[in-house]
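# Architecture at a glance
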Amino acid sequence: MNIAMARAHREAFLSAMGSGAAVLRTGPELVRSRDTHFSFRPDSDFWYLTAYPEPDAVLVLIPGRSEGQMVLFVRPRDPEMETWHGRRAGVEGAREIYGADEAFPIAELDTRLPQLLRGVDELYYKTGNDADFDRKLLGHVRDMNFKTRDGVTGPAAFVDPGLLLHEMRLFKSDDELDYMRKAAEITAEAHAAAMRTLAPGVHEYEIESVVNGTFRSHGGSGPGYTSICAGGDNANILHYTVNNEPVPDGACLLLDAGCEYSGYTADVTRCFPASGTFSSAQRELYQVVLDAQLAAVEHVKPGVTFESVHETSTRKLTEGLISLGLVRGSVDEVLEDRSFQRWTIHKTSHWLGLDVHDVGSYFVDGTGGKTSRKLEPGMVLTVEPGIYIPADAELAAEGMRGTGIRIEDDVLVTESGHENLTAAIPKSISEVEAAC
Ligand code: GLY
Ligand code: MN
Ligand code: MN
């Protein structure tokens with residue numbers, strides 16, 4: 001994100017709101033233990049609208065307000081705190097650098113918010129993310145509505161800002177795609193480095209270190225989600241993040257890791273053999289997943305539904321599972337009885353952007369809907385089929401057990417079809433073996 005992009009996002013959001021007011025918050029630093037904190041990462045909605053990188057700030061947007069539409073509450077400058085913990089833009093920086101029309105110390109929020117919300121009908125605010133802040137804001141609204149005899153009116157309705165904002169975030173601008181391409185490019189470096197590093201006995205944490213180190217050394221902020229470095233049977237734990245075991249000879253490593261760059265994350269999975277060569281059983285499984293992944297990526301184009309990407313992948317996976325003897329019946333029978341799910345577990349895609357499981361509805365009739373929405377240019381989704389054979393899966397041939405294969409790319413929907421943003425990362429069996 002940069003400041004010009006955030007301004008454009010704000011203007012589009014203000015114009016979509018038309019009236020009312022929006023309150024968006026980015027949280028304080030969170031305690032990790034005693035007096036140390038987790039490294040801070042802004043709330044994605046707040047970041048999208050402000051490019052303001054510091055913790056503990058509140059954005060108030062009021063379309064058409066004569067004193068200015070953007071009010072920012074921030075941590076004030078504080079020489080002692082800045083000496084210990086880092087520079088702050090302060091109230092002046094909030095105005096001069098980040099373009100706020102008005103800015104105030106965060107400590108003044110409680111006194112100023114009721115004034116700002118006077119006469120506002122609809123309040124765009126997402127309840128449920130922070131109980132303390134919810135209570136405070138609801139308290140202000142209640143108090144304002146007690147004063148109607150004095151001519152004060154407060155908001156009458158709460159609206160989820162995501163209804164507008166998350167639709168905007170779903171469609172990536174060229175500037176946003178530049179960041180996503182950069183995240184993808186660094187992710188490609190990291191996966192290639194991991195493939196070079198893996199050998200029998202190398203620990204999962206050594207791969208994590210190479211991957212996360214590559215993210216940072218290329219200017220990314222780090223992983224966009226905890227890197228999954230899962231050797232052998234650990235790959236059957238979908239979000240395995242302990243990353244502390246050696247990868248045995250003969251096993252594969254499942255690496256699901258994506259770099260975050262300026263807030264935008266990649267999300268890529270590759271599986272590769274510790275020995276540098278897939279066993280014949282691993283090769284068979286891998287090819288089934290790869291065929292499904294390639295077919296599903298190929299299917300991505302404007303006008304097809306999100307769900308049909310999953311259906312394309314699932315049909316191919318099912319054909320493969322039948323040919324491997326892992327399920328029985330015709331393709332249609334297996335799709336009907338859903339026995340394929342024993343080995344495939346999860347769905348194929350999700351939106352991708354500032355969040356790894358990004359925002360935007362999946363249905364034409366909103367978040368509670370049933371009709372899968374059609375893909376449109378500017379959307380970015382993952383395509384990530386998998387087959388998972390736990391070590392104790394007696395129904396599977398012995399050579400397949402203790403293997404989890406997922407192959408995941410990040411795919412942009414374009415006017416003419418799609419662009420695979422992570423196509424540079426080795427994927428075919430021969431490419432992966434060569435990269436190892
Ligand atoms: N890395 C999490 C996912 O692929 O959804
Ligand atoms: Mn992933
Ligand atoms: Mn994913």
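Below is a short write-up of the structure. Given the structure is predicted, the values throughout are model-derived calculations rather than measurements.

### Quick notes on the coordination of the manganese ion (ligand 2)
- Surrounding the manganese ion (ligand 2) are the protein donor atoms Asp 256 (OD), Asp 256 (OD), Asp 267 (OD) and Glu 408 (OE), at 2.0 to 2.3 Å.
- Given six donor atoms and angles of 57 to 171 degrees at the metal, the environment of the manganese ion (ligand 2) is assigned as irregular.
- Along the chain, the residues donating to the manganese ion (ligand 2) are arranged with the sequence spacing D-x10-D-x140-E.
- The metal-metal distance between the manganese ion (ligand 2) and the manganese ion (ligand 3) is 3.3 Å, with Asp 267 coordinating both. One end of the pair, Asp 267, is in the loop between β13 (264-265) and β14 (269-273); the other, Glu 408, is in the loop between β17 (403-406) and β18 (409-413), with 141 residues separating them in the sequence. As far as burial versus exposure is concerned, Asp 267 and Glu 408 are alike and both buried.

### Let's talk about the nonpolar core
- Counting 53 residues, the largest nonpolar core has Ile 207, Leu 255, Tyr 286, Leu 326, Trp 343, Ile 387 and Ile 389 as its most contacted members.
- In terms of residues, this core owes the most to one element, helix α10 (residues 280-299), which gives seven residues.
- Contacts of Leu 255, omitting those with residues within four sequence positions, involve His 191, Ala 194, Ile 207, Val 211, Ile 228, Cys 229, Val 268, Thr 269, Arg 270 and Phe 272.
- Judged by nonpolar contacts, the second largest core, of 42 residues, contains Ala 6, Ala 103, Leu 352 and Leu 421.

### Side note on the sheet that holds strand β6 (residues 102-105)
- As summarised here, the arrangement of the six strands in space is β6-β5-β4-β1-β7-β8, forming an open sheet in which the pairing is mixed. Lying at the two open borders of the sheet, with one neighbouring strand each, are β6 and β8 (157-159). Put simply, the sheet's adjacent strands are angled 20 degrees from each other on average, direction ignored.
- Judged from the four bridges that link them, strand β4 (residues 57-61) and strand β5 (residues 70-74) form a sheet pairing that is antiparallel. Among the inter-strand pairings, Val 60 is bridged to a residue of β5, identified as Val 71.
- Most of the contacts of helix α6 (residues 131-145) go to β8, to which it runs at about 145 degrees, and overall it touches β1 (21-26), β4, β7 (122-124) and β8.

### Structural notes on the coordination of the manganese ion (ligand 3)
- Taken together, Asp 267 (OD), His 350 (NE2), Glu 384 (OE) and Glu 408 (OE) make up the full set of protein donors to the manganese ion (ligand 3), lying 2.0 to 2.2 Å away.
- One way to put it: the six donor atoms around the manganese ion (ligand 3) meet at angles of 50 to 154 degrees, and that makes the site irregular.
- Each donor residue of the manganese ion (ligand 3) belongs to the same chain, with the gaps between them written as D-x82-H-x33-E-x23-E.

### Notes on the pairing of strand β10 (residues 228-231)
- Where burial is concerned, the two faces of β10 agree: the one with Ile 228 and Ala 230 and the one with Cys 229 and Gly 231 are both buried.
- Where β10 and strand β11 (residues 252-256) come together, four bridges link them in antiparallel fashion. In the strand pairing of β11, Ile 228 is matched with Asp 256.

### Details of the site of ligand 1
- Near ligand 1 the following residues occur: Tyr 225, His 239, Asp 256, Asp 267, His 350, His 357, Glu 384 and Glu 408.
- Take Glu 384: an N or O atom from its side chain is 3.0 Å from an oxygen atom of ligand 1.
- Protein burial of ligand 1: of its 200 Å² of free accessible surface, 92% is covered by the chains.
- Among the cavities detected, the one that contains ligand 1 is the second largest pocket.

Rules and cut-offs
Residues numbered from 1 in each chain as written. Chains lettered and ligands numbered in written order. Predicted model: local features only at pLDDT ≥ 70, side-chain atom pairs only at ≥ 80, totals over all residues. Heavy atoms only, no water. Donors = N, O, S within 2.8 Å, 3.2 Å for Na, K, Ca; no water. Tetrahedral: all angles 85-135°; square planar, octahedral: opposite > 155°, others 65-115°. Helix = DSSP H or I, 4+ residues; strand = E, 2+ residues; numbered from the N terminus. Buried < 20%, exposed > 50% of the residue type's maximum accessible area, 1.4 Å probe, protein only. Core = buried A, V, L, I, M, F, W, Y, C linked by side-chain atoms within 4.5 Å. Contact = heavy atoms within 4.5 Å. Pairing = 2+ DSSP bridges. Axes fitted to C-alpha atoms, helices over the stretch in contact; angles between N-to-C directions. Near = heavy atom within 4 Å. Polar contact = N/O pair within 3.5 Å; in protein donor to acceptor, adjacent residues only side chain to side chain. Areas by Shrake-Rupley, 256 points an atom, 1.4 Å probe, with all protein chains shown as cover. 1 Å grid on protein atoms, 1.4 Å probe; cavity = no way out; pocket = protein on both sides within 12 Å on 5 of 7 lines; lining within 4 Å. Sits in = over half its atoms within 2 Å of the grid points.

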